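One letter stands for each residue in the lines below.
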Number of protein chains: 2
Amino acid sequence: MEADTPRIEEYLESIYKLQQVQHPVTTSRLAEHLKLSPPSVSEMMKKLYGKGLVNQIGKGVCLTEEGNSIAKKVIRRHRLSERLLTDILGYGWDEVHDEACKLEHAISPEMEARIEESLGNPETCPHGYPIPDKDGVIKKENLRPLSELKASEKATIVSVFEEDPKMLQYLSSLGMLPRATISVEEVAPFGGPLIVCVSGSRYALGREVASKIKVR
Amino acid sequence: MEADTPRIEEYLESIYKLQQVQHPVTTSRLAEHLKLSPPSVSEMMKKLYGKGLVNQIGKGVCLTEEGNSIAKKVIRRHRLSERLLTDILGYGWDEVHDEACKLEHAISPEMEARIEESLGNPETCPHGYPIPDKDGVIKKENLRPLSELKASEKATIVSVFEEDPKMLQYLSSLGMLPRATISVEEVAPFGGPLIVCVSGSRYALGREVASKIKVR
DNA sequence: ACAATTAGTTAGGTAATCCGAAACATTTAT
DNA sequence: ATAAATGTTTCGGATTACCTAACTAATTGT
Ligand SMILES: [Mn+2]
Ligand SMILES: [Mn+2]
Ligand SMILES: [Mn+2]
Ligand SMILES: [Mn+2]
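Overview of the structure. (Residues numbered from 1 in each chain as written. Chains lettered and ligands numbered in written order. Predicted model: local features only at pLDDT ≥ 70, side-chain atom pairs only at ≥ 80, totals over all residues. Heavy atoms only, no water.)

## With respect to the nonpolar core
Side chains of a nonpolar character, in soluble globular proteins, are inclined to be buried together.
Okay, step 1: One finds A:Leu85, A:Met111, A:Ile115, B:Leu85, B:Met111 and B:Ile115 to be the most contacted residues of the largest nonpolar core, which totals 28 residues.
Okay, step 2: Elements represented by at least two residues in this core include exactly α4 (65-88), α5 (96-103) and α6 (109-118) of chain A together with α4 (65-88), α5 (96-103) and α6 (109-118) of chain B. (Core = buried A, V, L, I, M, F, W, Y, C linked by side-chain atoms within 4.5 Å. Buried < 20%, exposed > 50% of the residue type's maximum accessible area, 1.4 Å probe, protein only. Helix = DSSP H or I, 4+ residues; strand = E, 2+ residues; numbered from the N terminus.)

## Considering the relation of the copies chain A and chain B
Okay, step 1: Each copy superposes on the other: chain A lies on chain B with an RMSD of 0.0 Å after a rotation of 180° and an axial shift of 0.0 Å. Seen this way, the second copy is the image of the first under a two-fold rotation axis.
Okay, step 2: Same-surface contact between copies: 100% of interface residues of chain A are shared with the interface of chain B. (Least-squares fit on C-alpha atoms with pLDDT ≥ 70 in both. Contact = heavy atoms within 4.5 Å.)

## With respect to the pattern of salt bridges
Opposite charge on two side chains allows them to pair when their charged atoms are near.
Okay, step 1: On inspection of all chains with the given rule, the structure shows 24 salt bridges over all chains.
Okay, step 2: Where B:Lys139 meets B:Glu123, a salt bridge forms, and the shortest distance between an N and an O atom there is 3.1 Å. You can see B:Lys139 sitting in the loop between α6 and β3 (144-145) and its partner B:Glu123 sitting in the loop between α6 and β3, a full 16 residues away along the chain. B:Glu123 carries the same exposure label as B:Lys139, and that label is exposed.
Okay, step 3: Residues joined in a network through salt bridges with shared partners are A:Arg76, A:Glu112 and A:Glu116. (Salt bridge = Lys/Arg side-chain N within 4 Å of Asp/Glu carboxyl O.)

## What to know about the packing of aromatic side chains
Okay, step 1: Tallying each qualifying case throughout the model produces two aromatic pairs over all chains.
Okay, step 2: Look at A:Tyr129 and A:Phe161: their rings are 6.3 Å apart centre to centre, the planes differ by 70°, and that puts the pair in the edge-to-face class. Taken together, the residues span a long stretch of sequence, with A:Tyr129 in the loop between α6 and β3 (144-145) and A:Phe161 in the loop between β4 (154-160) and α7 (165-173) at a distance of 32 residues.
Okay, step 3: It is A:Arg114 that lies over the ring of B:Tyr91; its NZ or CZ is 4.3 Å from the centre. (Phe/Tyr/Trp six-rings, centres within 6.5 Å; stacked < 30°, edge-to-face > 60°. Lys NZ or Arg CZ within 6 Å of the ring centre and 35° of its normal.)

## A short note on the sheet that holds strand β8 (residues 213-215) of chain B
All names here are of chain B.
Okay, step 1: The sheet built from six strands is open, its strands ordered β3-β8-β4-β5-β6-β7 with antiparallel pairing. Two strands lie at the open edges of the sheet, namely β3 and β7 (201-205), each paired on one side alone.
Okay, step 2: Across five bridges, the pairing between strand β6 (residues 194-198) and β7 is antiparallel. When the sheet's bridge partners are listed, leucine 194 is paired in β7 with leucine 205. (Pairing = 2+ DSSP bridges.)

If you want it as structure tokens, here you go:
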């Protein structure tokens, strides 16, 4: 209906992302994620509500059908941009998030289609997340966080939920990339770290980090 | 010094482009090119003057040293974007201008360098214009407009100064692309059309169009 | 229960861009 | 010399998207 601005796209994208973790998304988490003041977010939430893009659930907010649909379009462009950056321009997976976050607002539907085709219809972004198809359909798979594996379990890394370049660099330096095979050697009790084995080497991983790594 | 917004970049880019044709650039031509109202342009010119990016020459305006330098950076990103679109994503030269005009504001210095490298350090955009190097240096060549050739002269097309997709489509359908060899068969008097020969076929070309085609 | 902390909203502002209407200025054509 | 056309700027107004300070509501520790 309405013309969505890049900023609205950016808010919807963030809400979508935060929803994966914590359902009704709060003002403060959004403000934190977008690096804006709470009042700015509060104000924008009212606008999004007025446009029918979010519903107010208690104190928080969640995407409506339409908000979700727009968010998925933005995410499609984001993930295709990331792939363009890694596959064609030679970026590392730790360097693409911020660039893609700007690019995604400068990509026309035509360009979106061409990127997809030129890349050979990739299924996921460099972090293992599925790229929504042009109708917004996402292949969802039931994945477990690495942090829930028991000792001696083996699995394949599917995705890494992380935007921080330093963390991504660290993980790839350990070989913990999508498709890598990982096995859990030990699980320390009381929320302690996991001892995991990746391509022959053993590492200790905090639960926090491990929970962001999804495996199959 | 100051943070230049995408809009300022866009104005400087337009001024640069219009300067090639008509030296002190007037409010109305700028408004026309940018598709904005004259008051908007008038206001922005005051701001650019305040920032030391343009000088006021009589009724019009022209870029200062600094304004020129910024414009060239924008144009570098624009032309690199165009090449990315044609060489990697398979766009036609008639489809890239508007896309590049958005992309150019979403490209970091890092990405700029990577595009250049991935494309094999291209010298020109798809329309034959030189891509400024990272220090803003442009290889300038002394070119003649096709409209000034005399009958029976032969030349090579270097660049086509045109943004209109329809016109570009038309020209490429005649094979009038950069690097094509063209010969002038006849020049009608009193500003009439030229009869030219490109790859074996003869066409009549208006002076207006011919003046936008630069040859060597 | 009550003060301290945390979270969210209201109020009031600012900066960047754009617009239309109207006032000026400058040309150009009677 | 005048009137008409053309181009430019001034003015007032709108929109979007931020912010800080202050206030309110909800939670939490003692
Ligand atoms: Mn983004
Ligand atoms: Mn990703
Ligand atoms: Mn542009
Ligand atoms: Mn070009």
